[in-house]
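Inside the fold
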Amino acid sequence: MPKSIQSEDVLSRGPRLLTEERRRKILEILEAEERVTVEDLVQRFGVSSVTVRGDLDSLAKSGSLIRSHGGAIKRIDPRTDYPIAFKETLHSAEKARIGQAAAELIRPGQIIILDSGTTTAEIARRLKHLKVRPVTVITNALNSAMELSSSPELSVVMLGGILRPMSFSLVGPQAEQTLRDLNADQLFLGVDALDPELGLSTPDILEAQLNALMIKVAREVTVVADSSKLRRRSLSVICKVNLIHRLITDTGADPQVVEALREQGLEVLTV
């Protein structure tokens, strides 16, 4: 082989090997520390922030990690309950679009239920600024109730019960008893996992029981979930897919999953 060709081959392989090694080390850091920031990785590896973001985007695309605001985290276990402050850093742009699309479905005079979660909190934020009045909001989410409390034409009915600090939600027999005496036009339900065969599921048993009752008292059920929640299974099953009317997710959703859900009669909106 001519020397010039051999040198070109070595040079062409060098950067690729360096990239693979750097990405492997990123995953090792994540395994030990559970989350990383772009700034920290720039300092560790002595590369540009553009390079680090490219590494993280590539690893996220392969499913090795999950991109968060300003960095990345380990792959999420759908069976594990994570703090709401942590969930707020994940897929924020997608959740904002989903929240806006969901809020636009609400009509004046309706009674709606907002489940707890970061995506349903986005619905509360959007509803607050839309000129849709009056609306009555039933919720078990402290963060959503606080978000809506400054809007006098939005009536908020807060369910009582046991506080779950991880999610800022109220669950348990007291919440269920209050809900049994109510009814709603629409339910907007956030879930941790949605599998076409198993249905909707969540890590917390009491949350699942309350969610199932929300579905029973609402005339129409819209699930709001970013694409990372699809084809996942968690501990407690809420219901089968045939009990919900609509899913709003983002354009990153797996087309095969979307098609499987539509074949079961579910309306799927991607935003």
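What counts and how
Residues numbered from 1 in each chain as written. Predicted model: local features only at pLDDT ≥ 70, side-chain atom pairs only at ≥ 80, totals over all residues. Heavy atoms only, no water. Helix = DSSP H or I, 4+ residues; strand = E, 2+ residues; numbered from the N terminus. Contact = heavy atoms within 4.5 Å. Lys, Arg positive; Asp, Glu negative; His and termini not counted. Charge placed at Lys NZ, Arg CZ, Asp CG, Glu CD. Buried < 20%, exposed > 50% of the residue type's maximum accessible area, 1.4 Å probe, protein only. Pairing = 2+ DSSP bridges. Axes fitted to C-alpha atoms, helices over the stretch in contact; angles between N-to-C directions. pLDDT = per-residue confidence, 0-100. Domains from an automatic or database assignment. Buried area = accessible area lost by both parts, 1.4 Å probe. Salt bridge = Lys/Arg side-chain N within 4 Å of Asp/Glu carboxyl O. Nonpolar A, V, L, I, M, F, W, Y, C, P; charged D, E, K, R; others polar.

Another point: the overall build of the protein. Within the protein, the secondary structure is distributed over 10 helices and 15 strands. Overall, the protein is about 85 × 40 × 35 Å in size when its C-alpha atoms are taken along their principal axes. Across the protein, contacts joining residues at least 24 apart in sequence account for 63% of those joining residues at least 6 apart. Side-chain charges of the protein comprise 35 positive and 36 negative groups, with the mean position of each set lying 2 Å from the other.

Along the chain, R133 connects to P134 via a cis peptide bond; the corresponding omega equals -5°. Tracing the chain through its elements places P134 in the loop between α6 (118-129) and β5 (135-139). With a phi angle near 55°, F168 is a residue other than glycine that sits in the positive phi range. Among the residues examined, F168 registers a relative accessible area of 39% and is labelled partly exposed. Positive phi outside glycine occurs at R231, with the angle close to 60°. Residue placement: R231 occurs in the loop between β12 (218-224) and β13 (236-239). Given the relative accessible area of 47%, R231 is considered partly exposed.

Pairing in this open sheet of 7 strands is parallel, and the strands run β6-β5-β4-β9-β12-β14-β15 from one edge to the other. What marks the edges here is a single partner per strand, and that holds for β6 (154-158) and β15 (267-270). Across the sheet, the mean angle from the axis of one strand to that of its neighbour is 20°, orientation sign disregarded. In this sheet, β5 lies alongside strand β4 (residues 111-114) in parallel orientation, the contact comprising 4 bridges. Its bridge partner being in β5, I111 is matched across the sheet by T136. Against the sheet, helix α5 (residues 92-103) makes contact with β9 (184-190), β12 and β14 (246-249), and its axis sits at roughly 145° relative to β14, the strand it touches most.

On to the confidence of the model for the protein. Overall, the predicted model of the protein reaches an average pLDDT of 89, with 91% of residues at or above 70. Confidence drops under a pLDDT of 50 for residues 1-14, and excluding neighbours within four residues, the segment shows 1 contact in the predicted structure.

Moving on, we come to the sheet that holds strand β10 (residues 193-195). Spatially, β10-β11-β13 is the arrangement adopted by the 3 strands of the open sheet, whose pairing is antiparallel. On the outer flanks of this sheet lie β10 and β13, each paired with one strand and no other. Strand-to-strand twist in this sheet, taken as the mean axis angle between neighbours without regard to direction, amounts to 35°. Inspection of the sheet shows strand β11 (residues 199-202) paired to β13 by 3 bridges, in the antiparallel sense. Its bridge partner lying in β13, L200 is registered against C239.

Further remarks concern the domain arrangement of the protein. One can read the domain layout of the protein as domain 1 (19-74) and domain 2 (85-270). Computed from C-alpha coordinates alone, the two centres of domain 1 and domain 2 are separated by 31 Å. The interface of domain 1 with domain 2 comprises 6 residues on the first partner and 4 residues on the second. Overall, the association of domain 1 and domain 2 removes approximately 410 Å² of surface from exposure, summing both partners, and the carbon and sulfur fraction of that is 67%. Linking domain 1 with domain 2 are 0 salt bridges. Ranked by residue count, the leading element in the side of domain 1 that touches domain 2 is strand β2 (residues 66-68), at 3 residues. Residue composition of the side of domain 1 that touches domain 2, by class: 2 nonpolar, 2 polar and 2 charged.

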